[in-house]
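Each chain, written out:
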Amino acid sequence: MLLFFILGLLVHFVFFGSIFDIYFTSPLVHGMTPQFTPLPPPAKRLVLFVADGLRADALYEFDENGNPRAPFIRNIIMHEGSWGISHTRVPTESRPGHVALIAGFYEDVSAVAKGWKENPVGFDSLINESKYTWSWGSPDILTMFAKGVGGDHIYTYSYDAESEDFGAHDVTKLDTWVFDHVKEFFHAARNNQSLFSKVNEEKIVFFLHLLGIDTNGHAHRPTSREYKDNIKVVDDGIKEIVSMLEHFYGNDGKTAFIFTSDHGMTDWGFHGAGHPSETLTPFVTWGAGIKYPQKVSVQKFDDAFLKEWKLENWKRQDIHQADVAPLMASLIGVPFPLNSVGILPIDYLNNTDLFRAESMFTNAMQILEQFKVKMTQKKEAILPFFFTPFKLLSESKQLNILRKARSYIKQRKYDEAVSLCKELIHLALKGLSYYHTYDRFFLGVNVVLGFVGWTSYASLLIIKSHSNLTRGVSKEVKKPSHLLACSFIALGVLVAFFLLIQDCPWTYYVYCLLPIPIWYAVLRDQLVAHLFIFTLGIEVLVLSFFYRYTLTAGLVAFACWPFITQLRTRAKSISLSWIFFSLLLAVFPLMPVVGRKPDIFLVMGAGLLVLLLSLCVVTSLLKRKDHFINEELLLHLVQMLSIVLSMYVVYTTHDSLLKKQGLPLFNQIISWITLASSFVLPLLSPTSLFERLFSILLSSMSAYLLLSTGYEALFPLVLSCLMFVWIQVEQETLRQPSVSYKQKVTSLQFTCSPDITQFRQLYLDDVRRAFFLVFFLVTAFFGTGNIASINSFDLASVYCFLTVFSPFMMGALMMWKILIPFVLVMCAFEAVQLTTQLSSKRLFLMVLIISDIMALHFFFLVKDDGSWLDIGTSISHYVIVMSMTIVLVFLNGLAHLLTTKKLELCGKPKSHLI
């Protein structure tokens, strides 16, 4: 059995890793030749302003007094430059947004496995190609464009990471710091001959990253006065910098300016998903090489923005975020970033038709180079008779389009040349996608074979070894024939040779060879796996990943369950409790996932309910016990005090942050002590089933209250109440011949070493128990929000612990918040196993089957195109289901520790029965 579980973990690790080879390998290729426009560029230098977290509407709209919110930028739009909306892609996060702006491609999806802090692959960027670049701003953003770059032409100036404090009194200092240091830099340049010479070179970039708006948006929401005032600070700062630069360079007209944002922000202060408030960002450009404002009577956009912003008479030109990189490269005459997939927005260029056509031709050549390198790499890795080229863009068609475009340019038919170049770009981008997904079908078939084979093998193992379903069937096992073994060995050798001659990665060998021994193990027993009777229930679980209200339907069905059993007559009070708490828990999936406003009074209400429940329990214990041990009473009082302190910390922290006084040190200390003690206090309680579970609930709630901002504080309490009832329900339903007696729940004790002789074989009712466990775990995942979406995380939930931006610490706290409902479910199931004498090993086999069937659904639903929201959600769904069995092992061990381990502060151990 141990060998089976080890093998199962290894197989699932392979299946889990397969999606990153099938769906999420880096699309970037290397080995292209740099391409740049051969004509003189219009600008010698470029200044890029990126206001992190700035929404388009927040910049362009008027304030409550009818005045422009950003008067300097408004003046640029009306008198000096061109404007529009930059459409971003999901995830609307800082790193992928800046990569799109400066490198011209959308962050490759392999980055999801490596985080945003490191460069998962090397990539070219405008900054690499510049003669010199000076940048100021956040260390998280600046360093990723300097990392791994040879030479000494990139200079970064950043503040300390500790300055990014959501609880700070005034975070506009993040922007004023940048403006002040830029001024100091140019002042120093006047007195430093070497520096003065460098800043007067051609092909140079000044990059100003402005983080204040994003930080204010997270801390106070984009509708707040702080967010809007920060826009005015940025507008004033840009005005000063522009004036200073024009004066420094003697108004030579050789400076191009671009002002934009990496992403927007929702009304509730988040970003990461695909809401228009996150994906619509401002784009304003002026200076050398940029068209002046164009007055028009008709616009091609049918949204209501133009009238709201009073810009209906100034031509709006929208672009995709990746298009900014080729525009900047064209303005200062550097090679287009090698991996850029942006299409040059030539309507922004104020230059000759020849320059526009040549620039578009360069853009087409740069993207075609990627296509040709990708095709060559794939062709060399595949046997000639297996290779299928991208038919829409053959070599002859490439040459024909390029020849025609060059001919049109010579004939001064510039519009026709531009049109041909755009056609070539679109075909090359389609071809890049084709070769990037070339091996997907082949690998997918092998993983599916592995999935189906493993599920069949595990099903057969359950039927033959751990149930009475085959009772009466002959136990004689036929010896597998040598022919079958030799056939599978020959097949394995053939597959390995096929992969070897194609120089495939080692992971391909794993995916292709793994199904062979699995299917041999299945076929040698001459049995075929059957569908389980709970197929419909599994489909409901799969559907709940997309529609949370399906969980509500499932819980309502659970509430109706006693009516079709004998529970309603045998245990009326337990049945009514089951119905009540099932229906109460069913309300949570109907609550909003994101956009909810913090409600501190709901958190306080949850704390008061826990205190009221604690008083009732202590009173009941005092009445039921002949004597109540001082240590036990003291423990309950300490845990109740912890709940009170959590309520106090939550309330006072919320009040302090509203007053912009930061996080009080006392509150921070209490929060961390409470979190640490939540691991220890339950281990001091008696191991009797009821008292230990209630102690775990109190400790979990004290930590969960500190991590709550609204209605979700009630979720663990309601879930725990349903779990307590579930334990009693399962004991009432236990009517198996192998069980000679039924103990009262109040008399049961958790034990570290259960009597394995009491374990029994599986019955059909145990399949239902396994399904209940999986359903409750999925409810814990999605009960209060969609944790598969970045947008569902609220940074405000960790403000009792810290306000200084620390992604790993904040992420760990959020993960602990997510883990608490799982622990409560698993501790309850530990009790269910105790009351029903069900072996956890056999339980895992059933859960393994359920999760694998669900995983096979999600394997086919994984996406690598469309919005990043769709991509990220499909990945997380697959990861959640694939991790279910692995996580269940960990949770079972944690639950076993929390329920059975007893710590003694002093003296010898004592045993007390209820």
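Reading the values: rules and limits
Residues numbered from 1 in each chain as written. Predicted model: local features only at pLDDT ≥ 70, side-chain atom pairs only at ≥ 80, totals over all residues. Heavy atoms only, no water. Helix = DSSP H or I, 4+ residues; strand = E, 2+ residues; numbered from the N terminus. Buried < 20%, exposed > 50% of the residue type's maximum accessible area, 1.4 Å probe, protein only. Core = buried A, V, L, I, M, F, W, Y, C linked by side-chain atoms within 4.5 Å. Contact = heavy atoms within 4.5 Å. pLDDT = per-residue confidence, 0-100. Phe/Tyr/Trp six-rings, centres within 6.5 Å; stacked < 30°, edge-to-face > 60°. Lys NZ or Arg CZ within 6 Å of the ring centre and 35° of its normal. Salt bridge = Lys/Arg side-chain N within 4 Å of Asp/Glu carboxyl O.

### Comments concerning the side chain of Thr900
Then, in step 1: By secondary structure assignment, the location of Thr900 is in helix H33 (residues 868–900).
Then, in step 2: Residue class for Thr900 comes out buried when judged on its relative accessible area of 6%.

### A look at the nonpolar core
Then, in step 1: Core analysis: the biggest nonpolar cluster contains 148 residues, and Phe15, Trp578, Leu773, Phe776, Met854, Phe859 and Tyr878 have the highest contact counts within it.
Then, in step 2: It is helix H31 (residues 807–836) that provides the largest number of residues to this core, a total of 17 residues.
Then, in step 3: Excluding anything up to four places from it in sequence, Tyr878 contacts Phe15, Phe16, Ser18, Ile19, Phe451, Ala855, Phe858, Phe859 and Val862.
Then, in step 4: The next biggest cluster of nonpolar side chains, apart from the first, holds 68 residues, and it includes Val99, Leu142, Leu331 and Phe390.

### Overview of the confidence of the model for the chain
Then, in step 1: Across the chain, pLDDT averages 84, with 87% of residues at or above 70.
Then, in step 2: Note on residues 736–742: pLDDT is under 50 here. Beyond four places in sequence and across chains, it has eleven contacts.
Then, in step 3: For residues 907–914, every residue scores under 50 in pLDDT, and the model assigns this stretch 14 contacts once sequence neighbours within four places are set aside.

### A few points about the packing of aromatic side chains
Then, in step 1: Considering all chains together, one arrives at 54 aromatic pairs under this definition.
Then, in step 2: With a centroid separation of 5.0 Å and an interplanar angle of 75°, the aromatic rings of Tyr60 and Trp83 are classed as edge-to-face. Linking Tyr60 in helix H2 (residues 56–60) with Trp83 in strand E2 (residues 82–87), this pair joins segments that are 23 residues apart in sequence.
Then, in step 3: Ring-pair connections join several aromatic residues into one group, and the members of that group are Tyr132, Trp134, Trp136, Tyr155, Tyr157, Phe185, Phe186, Phe196, Phe206, Phe248 and Tyr249.
Then, in step 4: The positively charged end of Arg45 is found above the aromatic ring belonging to Tyr249, 3.5 Å away from the centroid.

### Topic: the environment of Thr687
Then, in step 1: Structurally, Thr687 is set in the loop between helix H27 (665–680) and helix H28 (689–706).
Then, in step 2: Distance in space between the C-alpha atoms of Thr687 and Lys901 is 7.7 Å, their sequence separation being 214 residues.

### A look at the pattern of salt bridges
Then, in step 1: Taken as a whole, this structure holds 19 salt bridges when the rule is applied.
Then, in step 2: A salt bridge links Arg69 to Glu61, with the shortest nitrogen-to-oxygen separation between them at 3.3 Å.
Then, in step 3: Here Glu730 makes a salt bridge to Arg768, at a shortest N to O gap of 2.9 Å. Of this pair, Glu730 sits in helix H29 (residues 715–733) while Arg768 sits in helix H30 (residues 764–782), placing them 38 residues apart in sequence.

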